[in-house]
Amino acid sequence: MSPHKFTYKFDLTAQEFRKGYFWLWFRASYLGHIWLFYLFIAVTNTLIGVFIILEYFIIVSLFFILTFFLSLFWQIKKNPEILKEREYIFTEDSFLAKSFNGSSDIKWAAFSRVYETKEFFHIMYINRSTFFLPKRVIPTAKELQELRNFFASKTKLIPGLSS
């Protein structure tokens, strides 16, 4: 395989679909709002404020986790094609993603970063959208390292996050 072109065909499992999107949701929703917690503590500087904000985060987080998982189960049940074969082609100029509902050819300049977790590469497109590539489809450790280097040369690679 050329170091300048990587092609992967794969089906997603329901578990991978849920894990991949849960990570994205957690990063965007929960971690994105954690700054409110620190701001509230800095402003109030009281122990009561800490308990109030912790209670808020726990209740809101549980609500969002429940609704998030219900919506993912519904998406899979309503449209099982969402898990069917995908093909990702990474070239020097762009990223081509093909799936049951069409294809997208996106230039690397449109990507903000690539997060690497234990099980996936999350390829972030315009900060809110993501494509995720399960590491299980990468056949060798050498190719995995070549792909890491490729991502690092194209956009910001953030390695070693746990899923």
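In case you missed it, the structure is sitting above this.
Given the structure is predicted, the values throughout are model-derived calculations rather than measurements.

The number of helices and strands found in the protein is 4 helices and 8 strands. When the helices and strands of the protein are listed from N to C terminus, the series reads β-α-α-α-β-β-β-β-β-β-α-β. Per-residue burial over the protein gives 35% buried out of 163 residues. Sequence separation of at least 24 residues holds for 61% of the intrachain contacts in the protein that already meet a minimum separation of 6.

This part covers the nonpolar core. Judged by nonpolar contacts, the single largest core of 30 residues is most densely connected at Tyr-8, Phe-90, Phe-121, Leu-133, Leu-147 and Phe-151. Listing elements by their share of this core, those giving two or more residues are β1 (5–10), α3 (47–78), β2 (86–91), β3 (94–99), β5 (111–116), β6 (120–125), β7 (129–134) and α4 (141–154). The element that contributes the greatest number of residues to this core is α4, accounting for 4 residues.

With that settled, the discussion passes to α4. Taking 1.5 Å of rise per residue, the 14 residues of α4 would be expected to cover 20 Å, and the 20 Å separating its terminal C-alpha atoms lies within 8% of that figure. Within the sequence span of α4, burial applies to Glu-143, Leu-144, Leu-147, Phe-150 and Phe-151. Summarising the axial view, the buried residues of α4 lie within an arc of 120 degrees, below the 170-degree limit, and thus occupy one face. Exposed side of α4, more than 90 degrees from the buried face: Ala-141, Lys-142 and Ser-153 are the residues found there. If you follow the buried residues of α4, they end up packed against β1, β2, β5, β6, β7 and β8 (156–158).

In this structure the tally under the stated criterion is 20 aromatic pairs. Ring geometry for Phe-90 versus Phe-95: centroids 4.9 Å apart, planes at 20 degrees, classification stacked. Accessibility classification places Phe-90 together with Phe-95 in one group, the buried group. A ring pair is formed by Phe-95 and Phe-111, whose centres lie 5.7 Å apart and whose planes are at 75 degrees; its orientation type is edge-to-face. Of the two residues, Phe-95 sits in strand β3 while Phe-111 sits in strand β5, which places them 16 residues apart along the sequence. The pair Phe-95 / Phe-111 is uniform in exposure class, with both members buried. The ring of Phe-121 carries Lys-135 above its face, with NZ or CZ at 5.4 Å from the centroid.

What follows covers the layout of surface pockets. A water-sized probe, rolled over the atoms, reveals where empty space remains. Put simply, the largest pocket is a space of about 310 Å³. Residue lining of the largest pocket: 18 residues in total, with Tyr-21, Arg-86, Ser-99, Asn-101 and Phe-131 positioned closest to the centre. For the lining of the largest pocket, the secondary structure elements donating two or more residues are α1 (14–30), β2, β3, β4 (102–107) and β7. Class assignment of the residues belonging to the lining of the largest pocket gives a composition of 9 nonpolar, 7 polar and 2 charged.

Here we take up the sheet that holds β1. Strand-to-strand pairing in sheets goes through backbone hydrogen bonds, with the strands running parallel or antiparallel. One open sheet holds the 4 strands; their spatial order is β1-β2-β3-β4, and the pairing between them is antiparallel. Two strands in the sheet have a free side with no partner beyond their single neighbour: β1 and β4. The average undirected angle you get between the axes of adjacent strands in this sheet is 10 degrees. Where β1 meets β2, 6 bridges bridge the pair, whose relative direction is antiparallel. Looking at the pairing, Tyr-8 lines up with Tyr-88 of β2.

About the thresholds
Residues numbered from 1 in each chain as written. Predicted model: local features only at pLDDT ≥ 70, side-chain atom pairs only at ≥ 80, totals over all residues. Heavy atoms only, no water. Helix = DSSP H or I, 4+ residues; strand = E, 2+ residues; numbered from the N terminus. Buried < 20%, exposed > 50% of the residue type's maximum accessible area, 1.4 Å probe, protein only. Contact = heavy atoms within 4.5 Å. Core = buried A, V, L, I, M, F, W, Y, C linked by side-chain atoms within 4.5 Å. Expected span 1.5 Å × (residues − 1). Arc of directions from axis to C-beta. Phe/Tyr/Trp six-rings, centres within 6.5 Å; stacked < 30°, edge-to-face > 60°. Lys NZ or Arg CZ within 6 Å of the ring centre and 35° of its normal. 1 Å grid on protein atoms, 1.4 Å probe; cavity = no way out; pocket = protein on both sides within 12 Å on 5 of 7 lines; lining within 4 Å. Points joined across faces, edges and corners; volume = space filled by probe spheres on them. Nonpolar A, V, L, I, M, F, W, Y, C, P; charged D, E, K, R; others polar. Pairing = 2+ DSSP bridges. Axes fitted to C-alpha atoms, helices over the stretch in contact; angles between N-to-C directions.

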